[in-house]
Amino acid sequence: MRYFDARVIENRSLGGGYFVLRLGGCEPLAGSRPGQFIMLRGDWGRDPLLPRPLSLLSVAHEGRADLLAKVVGKGTALMERSPPGSRVSVLGPLGNSFPAPSADVTDLLVAGGVGLPPLFMQAESAAHLGLANGSEMLYGGRTSRDLVLLGEIRGFGIALRLATEDGSLGRRGRVTDELEARLDRGRAAASAQPLRIMACGPRQMLWAVGRIAQSHGIDCYLSLEEQMACGIGVCLGCAVAAQTRPYRYVCKDGPVFPASEVMAHVSVASTSQSRGGAQ
Amino acid sequence: MILGADSLEKESPALLTTCGGIEFRNPVLTASGTFGYGQEFDALISLRGLGGLVTKGISPEPRFGNPPPRICETAAGMLNSIGLENVGVEAFAREKLPFLRSCGTRVLVNFFGTTFDEYVDCGARLAALDGVDGLEMNVSCPNIQAGGIEFGRDPLVLGGLVKACRAVVRKPLWVKLTPNTSDIVALARACADNGADAVSIINTITGMAIDVRTRRPKIATVFGGLSGPAIKPVALRMVYQVYRAQIPIAICGIGGIQDGNDAIEFLLAGASCVQVGTQSFIDPASAERIIREIEEYCRAQGVTDVRELVGGLALGQ
Ligand SMILES: Cc1cc2nc3c(=O)[nH]c(=O)nc-3n(C[C@H](O)[C@H](O)[C@H](O)COP(=O)(O)OP(=O)(O)OC[C@H]3O[C@@H](n4cnc5c(N)ncnc54)[C@H](O)[C@@H]3O)c2cc1C
Ligand code: FES
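All values derive from a computational prediction rather than experimental measurement.

Rules of the game
- Residues numbered from 1 in each chain as written.
- Chains lettered and ligands numbered in written order.
- Predicted model: local features only at pLDDT ≥ 70, side-chain atom pairs only at ≥ 80, totals over all residues.
- Near = placed C-beta within 6 Å.
- Nonpolar A, V, L, I, M, F, W, Y, C, P; charged D, E, K, R; others polar.
- Buried ≥ 20, exposed ≤ 12 C-beta atoms within 10 Å, placed from the backbone.
- Helix = DSSP H or I, 4+ residues; strand = E, 2+ residues; numbered from the N terminus.
- Pairing = 2+ DSSP bridges.
- Right-handed = clockwise from strand over helix to strand, strands pointing away.
- Domains from an automatic or database assignment.
- Contact = placed C-beta atoms within 7 Å.
- Axes fitted to C-alpha atoms, helices over the stretch in contact; angles between N-to-C directions.

Let's shift gears to the site of ligand 1. Around ligand 1 lies a shell of 25 residues, among which A:Ser55, A:Ala69, A:Gly73, A:Gly75 and A:Thr76 are the nearest. A per-class count over the shell around ligand 1 returns 12 nonpolar, 7 polar and 6 charged.

Have a look at this one:
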């Protein structure tokens, strides 16, 4: 983990409030794993005050790092408008990661809206390891505008299934409907390969994914969000209720948790905000 | 760094200072609750360069804190309601202190209890530990024996508490005052009269925020402590009120310090040293930068010893 200055080298709008920020000068992020995040702040004066947590979308050679964000408030609006050359401060890489792709399991990567980045990076890493065959992505949003970077995801060579609530792209419905359909098909085919689920998206979607995984007896990992001030386990602001201890911290114990660790406290935790975008 | 002829000629100002019975390399400390137990920042800044650090508040037994959401951002500040979560005295001594002992800076341990006896017990145990340079009492906790009113709001209660702790703490004893009072001077006097070595002014200001979309409070406990640049004018006013009252006690200024000039304002108002709090979340290396900026200010103003600045507010014509 390092604290350093980086520069926006490209800011690509994807429509619907989504944009990809490409940063240069991120050598300290080399070796980051899918699920890890950074705390990012621009030259904003005092408003907003705190840095904003953003997941890594992709980390490439020569200090390049990509982020995918959606405008939901002041901080993300300022990021969306930051031109190439803008200076940003970065603290990272932070947090833990999803389990690495493995030849012995099939991973179902379930992404809701702007919850895509860690699963995108997981898919990229599976492709690099030559394990694209063992990963499938299920990606849902409210409308087709909430499904972004589809060409890049297909480029990884993994199977991709889409769902939109308005039916404008892929299955009409939620990504969790798509997940249930996939598991039913799997059962019919009685595939030998065990399954693993990894998910990131709005809280309600995550709890639904967790419940589905539980009912099918499948290992499941959820990437959570909470309000954060420090990102390094100091402010104790990002607490989530947990099984093994009263609270766990999204920034240092997570953001990725086994679903069984955080699921029993759904009623408490669901009062908190969740990532923008639809399921 | 290339030194210009100018900076070669002028000597570095002396930053060494004393506050509440402790000598500090420079007047910049990091505030309780914003700097963990020090180790979390080891990779981010040079701890040796700090004047000192104040740990997270320690209670006799571990505490788990409040339900989420615990924090939210407000205009130029943030609200928190962490619930005094900490590892407890024993785990602190076992797991956190060894690092602090070797980190090369002054270590003050913030502590609290929920009863008189807990305060005294906690203070005595912490003061006995090697590697603890001094204690800072957090008196903004509810007194469960007195209907949950904060210990630190009533000068009489506060005075009694300070006296009881003073009797068992043979190291420098500071008291972090709550701003949620109509008479900060009376609180500071109660501390001085009962043998405290310094007052830290101020703790967070009670506030709240509402999410209009859901109509719910933005933090689960409804009320929380406001910190950040939003509170600096209030903090500065309270430091100056206590300084002006000529109470024989040293002052450590806290509240919304973001840069060297903010720190200098507190020194001019009468603080002997300052603590950087919320700014460590915004810029984890800020304490280091603030020390540099104080040095630059002194050079530019021809100040050779930072202690000259304390209480140097110019009034009148
Ligand atoms: C570990 C982690 C990783 C994250 N990764 C990403 C990422 O890769 N891409 C991304 O776009 N976002 C991500 N987020 C969420 C992102 O941090 C927030 O969207 C951002 O902090 C909002 O800042 P803002 O200033 O724009 O909004 P604020 O001004 O803070 O909030 C504006 C309004 O939006 C609401 N709000 C704030 N955050 C969210 C949210 N997440 N969803 C819905 N409403 C919200 C607030 O309650 C408020 O009403 C991540 C969060 C965490 C904790
Ligand atoms: S964000 Fe500060 S402890 Fe997690």
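Successive residues of a regular strand alternate their side chains across the two faces of the sheet. All names here are of chain B. Of all the 6 residues making up strand E7 (residues 106-111), 6 are buried; the element is thus mostly covered by neighbouring parts of the structure. Burial along E7 is two-sided: the face carrying Arg106, Leu108 and Asn110 and the face carrying Val107, Val109 and Phe111 are both buried. Where strand E4 (residues 52-54) meets E7, 3 bridges bridge the pair, whose relative direction is parallel. Residue Leu53 lies in a different strand from E7, and its bridge partner there is Val107. Of the pairings in the sheet, the one linking E7 to strand E8 (residues 134-138) comprises 4 bridges and is parallel in character. By the bridge assignment for E8, Asn110 is matched with Glu136. Regarding topology, helix H3 (residues 116-127) serves as the crossover connection from E7 to the parallel E8, and that connection is right-handed.

Residues and elements named next belong to chain A. You can read the domains of chain A as domain 1 (2-94) and domain 2 (106-269). On a C-alpha basis, the centres of domain 1 and domain 2 stand 22 Å from each other. Contacts between the two partners involve 19 residues from domain 1, matched on the other side by 20 residues from domain 2. For the side of domain 1 that touches domain 2, the elements supplying multiple residues, two or more each, are strand E1 (2-15), strand E3 (37-42), strand E4 (52-55), strand E6 (65-70) and strand E7 (87-94). With 3 residues, the top contributor of residues to the side of domain 1 that touches domain 2 is E6. A class-by-class count of the residues in the side of domain 1 that touches domain 2 yields 13 nonpolar, 5 polar and 1 charged.

Now for the sheet that holds strand E6 (residues 77-80) of chain B. Residue and element names in this part refer to chain B. Reading across from one edge, E5-E6-E16-E13 is the order of the 4 strands in this open sheet, with antiparallel pairing throughout. The open sheet has two free edges, formed respectively by strand E5 (71-74) and strand E13 (205-208), since each of these has just one partner strand. Direction aside, neighbouring strands of the sheet carry axes that sit 40° apart on average. Bridge count between E6 and strand E16 (residues 223-227): 3 bridges; the pairing is antiparallel. Each bridged residue has a counterpart across the sheet, and for Leu79 the counterpart in E16 is Leu226.

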